[in-house]
Amino acid sequence: PEEKGRALLAFFRDYGCLPEPLPPLPETEEYAIPGFCAEGDLEKEKMRIRTAYDHGVRRFRASSWYAFDLLKELSGIEIVTAFPIPAGNSAAAGQLQKMGVAGMETDPELTPEEWAALQMHSPLPVRRSAEPVPVLVTRLRLPAGNWCCSVRTSPRESANHAFFTRFMTTVPNASLVS
């Protein structure tokens, strides 16, 4: 039951339909800023971030570039990035570090060799997503069992949802490492 509550809260946060005001969050919790925010919702998301900050949250996960602008007025925070912010090499990690990022989640399509090289050369702690992430999401409704493939990865099978189709990664769990 507790996991279902956390999943529902994450859904509400991701899709901007969390009723106001936000409930207090524990000091140790991280606030994951939604990857998508429509122009008309920027102020609402800024208020959510401020509410989380006022309730003691100091770690923010950014998965889209707009998040950096919404976080710029906060002090004493830690920013970590998550897919789909593309970070597959040490040059990208260096740019993120200049923006104040403390850790990053890599591109899910890195091969094991590329992952090892990034770990060795990145100026930031690097992690892979603990959960599979979508490689492709489309509003096109495709029948189950379709496959897509990029030039970098093995084929991915589609998973259908009410209004979209997604192709997920199969990235294994990994924790932050220096």
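The structure displayed is predicted, hence computed values, not measured ones.

A. Structural context of the sheet that holds strand S3 (residues 78-81). Read across the sheet, 5 strands follow the order S1-S2-S3-S4-S5 without closing on themselves; strand pairing throughout is parallel. The open sheet has two edge strands, strand S1 (30-32) and strand S5 (126-127), and neither has a second partner. When strand S4 (residues 101-105) meets S5, the two strands line up parallel, connected through 2 bridges. The residue of S5 that forms the bridge with Glu105 is Arg127.

B. Up close: the pattern of salt bridges. Scanning the entire structure with this criterion turns up 10 salt bridges. Between Arg48 and Glu45 there is a salt bridge, and its shortest N-O distance comes to 3.7 Å. Of this pair, Arg48 and Glu45 both sit in helix H2 (residues 42-54), 3 residues apart, which is roughly one turn of the helix. Take Arg48: its relative accessible area is 3%, and that puts it in the buried class. Put simply, Glu105 and Arg61 hold a salt bridge, and the shortest N to O gap is 4.0 Å. Residue Glu105 is found in strand S4, and its partner Arg61 is found in strand S2 (residues 59-62); the two are separated by 44 residues along the sequence. Exposure class is identical for Glu105 and Arg61. Each is buried.

C. Spotlight on the nonpolar core. One finds Ile33, Ile49, Phe60, Leu96 and Met104 to be the most contacted residues of the largest nonpolar core, which totals 27 residues. Looking at this core, the elements with two or more residues in it are H2, S2, helix H3 (66-71), helix H4 (90-98), S4 and helix H5 (112-121). When residues in this core are grouped by element, the largest group, 5 residues, is from H3. Setting aside residues no more than four positions away along its own chain, Leu96 makes contact with Trp65, Phe68, Thr81, Ile85, Ala87, Val101, Met104 and Leu124.

D. Up close: the pairing of S2. Two elements, S1 and S2, share 3 bridges in a ladder whose sense is parallel. The partner of Tyr31 across the bridge, within S2, is Phe60. For the handedness criterion, the β-α-β arrangement of S1, H2 and S2 is classed as right-handed. Pairing of S2 with S3 involves 4 bridges; the strand directions are parallel. Among the inter-strand pairings, Ala62 is bridged to a residue of S3, identified as Thr81. Taken together, S2, H3 and S3 form a β-α-β motif whose crossover is right-handed.

Here is what the cut-offs are and how they apply
Residues numbered from 1 in each chain as written. Predicted model: local features only at pLDDT ≥ 70, side-chain atom pairs only at ≥ 80, totals over all residues. Heavy atoms only, no water. Pairing = 2+ DSSP bridges. Helix = DSSP H or I, 4+ residues; strand = E, 2+ residues; numbered from the N terminus. Salt bridge = Lys/Arg side-chain N within 4 Å of Asp/Glu carboxyl O. Buried < 20%, exposed > 50% of the residue type's maximum accessible area, 1.4 Å probe, protein only. Core = buried A, V, L, I, M, F, W, Y, C linked by side-chain atoms within 4.5 Å. Contact = heavy atoms within 4.5 Å. Right-handed = clockwise from strand over helix to strand, strands pointing away.

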